[in-house]
Amino acid sequence: GPEHKDYFVFGFSRHPARKFESGVRQAWFQDGRLGSLSADQLLERQLASNFWLNEHLQPTWYRFSCYHLNMSFVGRTEEMAHSIDRLLDAYCPSIGQAAWLNACPLHILRALRTDVENSRAPVERSVLSDKSLRLFCSSEFYGKDAHIYGYVCKERDEKRSLNPMPCGKSLWRESCDDMAL
């Protein structure tokens with residue numbers, strides 16, 4: 001709300017297709033009924049649906065906007081060390097990184113670890129086919145992540161730039177109460 005307008009709010013994005021594929025594996029884990037569907041089938045069902053099949057299939061822009069967050073900074077998980085450097089420069093340029101890290105609570109430092117891997121390893125049916133990847137990237141809901149956070153979506157071997165989302169971009173939505181598309 002307005003009382004938090006001066007807060008520095010940051011988050012991290014992940015390549016949208018990799019996030020979806022990871023979300024497929026988590027959806028299988030959470031809801032056995034989805035376990036029989038491949039990533040391609042889940043994508044088709046999700047795009048045809050007017051509600052989210054599982055929260056882990058939601059794109060990053062939607063997750064951030066549902067909480068009406070005015071993001072001060074969005075970095076990338078694939079470039080965590082660089083993103084953290086950029087975050088620290090944006091958040092506390094006057095005190096410097098070393099002072100911020102010394103003052104930072106231990107639970108925040110643990111959250112900024114860069115060596116964490118996805119806990120559910122990819123299997124062939126959890127990876128989008130080339131045809132589904134093109135559909136994913138051209139869709140309004142998933143293609144928007146690539147556009148907002150600067151990812152190249154339609155290629156398997158993405159070339160990533162080292163430029164996180166600039167400060168001050170806002171991702172507001174009218175209402176996310178019903179979680180409808």
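Residues numbered from 1 in each chain as written. Predicted model: local features only at pLDDT ≥ 70, side-chain atom pairs only at ≥ 80, totals over all residues. Heavy atoms only, no water.

With that settled, the discussion passes to the overall build of the chain. Looking only at helices and strands, one finds eight helices and two strands in the chain. Along the chain, from the amino end to the carboxyl end, the secondary structure elements read β-α-α-α-β-α-α-α-α-α. Burial status across the chain gives 41% buried among its 181 residues. Contacts in the chain between residues at least 24 apart in sequence constitute 76% of all its contacts with a sequence separation of at least 6. Only carbon and sulfur atoms are counted for the fraction: they give 53% of the accessible area of the chain, which is about 10,600 Å². (Helix = DSSP H or I, 4+ residues; strand = E, 2+ residues; numbered from the N terminus. Buried < 20%, exposed > 50% of the residue type's maximum accessible area, 1.4 Å probe, protein only. Contact = heavy atoms within 4.5 Å. Areas by Shrake-Rupley, 256 points an atom, 1.4 Å probe, with all protein chains shown as cover.)

As a further point, take the confidence of the model for the chain. The predicted model of the chain has a mean per-residue pLDDT of 75, with 67% of residues at 70 or higher. Mean pLDDT per element in the chain: helix α6 (residues 106-111) is the minimum at 52, and helix α2 (residues 39-48) is the maximum at 97. For residues 157-181, every residue scores under 50 in pLDDT, and the model assigns this stretch 65 contacts once sequence neighbours within four places are set aside. (pLDDT = per-residue confidence, 0-100.)

For the rest of this paragraph, the subject is the pairing of strand β1 (residues 10-13). Only one face of β1 is covered, namely the one carrying Gly11 and Ser13; the face carrying Phe10 and Phe12 has none of its residues buried. Where β1 and strand β2 (residues 73-76) come together, four bridges link them in parallel fashion. Note that in β2 the partner of glycine 11 across the bridge is valine 74. (Pairing = 2+ DSSP bridges.)

Of all the positions in helix α7 (residues 130-138), only Ser132, Leu133, Phe136 and Cys137 are classed as buried. The buried side chains of α7 occupy one side of the element, clustering within an arc of 135° when seen end-on. When the buried face of α7 is taken as reference, the exposed residues oriented beyond 90 degrees from it are Lys131 and Ser138. In this fold, the buried residues of α7 make contact with α1 (16-30), α2 and α8 (140-149). (Arc of directions from axis to C-beta.)

For the rest of this paragraph, the subject is the environment of glutamate 21. Tracing the backbone through its elements, the reader meets glutamate 21 in helix α1. Linking glutamate 21 and aspartate 40, residues 19 residues apart in sequence, is a C-alpha distance of 9.5 Å. Of note is the side chain of glutamate 21, whose polar atom sits 3.0 Å from the side chain of arginine 18. (Polar contact = N/O pair within 3.5 Å; in protein donor to acceptor, adjacent residues only side chain to side chain.)

This model, assessed by the stated rule, comprises four salt bridges. With a closest N to O distance of 2.8 Å, arginine 33 and aspartate 31 form a salt bridge. For arginine 33, a relative accessible area of 69% translates into the label exposed. Notably, a salt bridge pairs glutamate 79 with arginine 76, separated by 3.8 Å at the nearest N-O pair. (Salt bridge = Lys/Arg side-chain N within 4 Å of Asp/Glu carboxyl O.)

Core analysis: the largest hydrophobic core is formed by 29 residues, its most contacted members being Phe20, Val24, Leu42, Leu128, Phe136, Tyr142 and Tyr149. Those elements that place two or more of their residues in this core are α1, α2, α3 (60-66), α7 and α8. (Core = buried A, V, L, I, M, F, W, Y, C linked by side-chain atoms within 4.5 Å.)

Where α1 meets α2, the closest approach of the two axes is 10 Å, and the angle between their N-to-C directions is 95°. Accordingly, the angle class assigned to the pair α1 and α2 is roughly perpendicular. Counting all contacts with α1, which are made through Phe20, Val24 and Trp28, the residues of α2 involved are Ala39, Leu42 and Leu43. Here the residues of the contact of α1 with α2 are counted per class, giving six nonpolar, no polar and no charged. (Axes fitted to C-alpha atoms, helices over the stretch in contact; angles between N-to-C directions. Parallel < 35°, antiparallel > 145°, perpendicular 65-115°, else oblique. Nonpolar A, V, L, I, M, F, W, Y, C, P; charged D, E, K, R; others polar.)

What follows concerns the packing of aromatic side chains. Going through the model one piece at a time under the given rule, you end up with ten aromatic pairs. Where phenylalanine 20 meets phenylalanine 136, the ring centres are 5.4 Å apart and the plane angle is 55°; that geometry is what we call tilted. In this pair, phenylalanine 20 sits in helix α1 while phenylalanine 136 sits in helix α7, placing the two residues 116 residues apart along the sequence. Across the pair, exposure class does not vary: phenylalanine 20 and phenylalanine 136 are buried alike. Centroid distance phenylalanine 20 to tyrosine 142: 5.3 Å. Interplanar angle 75°. Geometry classified as edge-to-face. (Phe/Tyr/Trp six-rings, centres within 6.5 Å; stacked < 30°, edge-to-face > 60°.)

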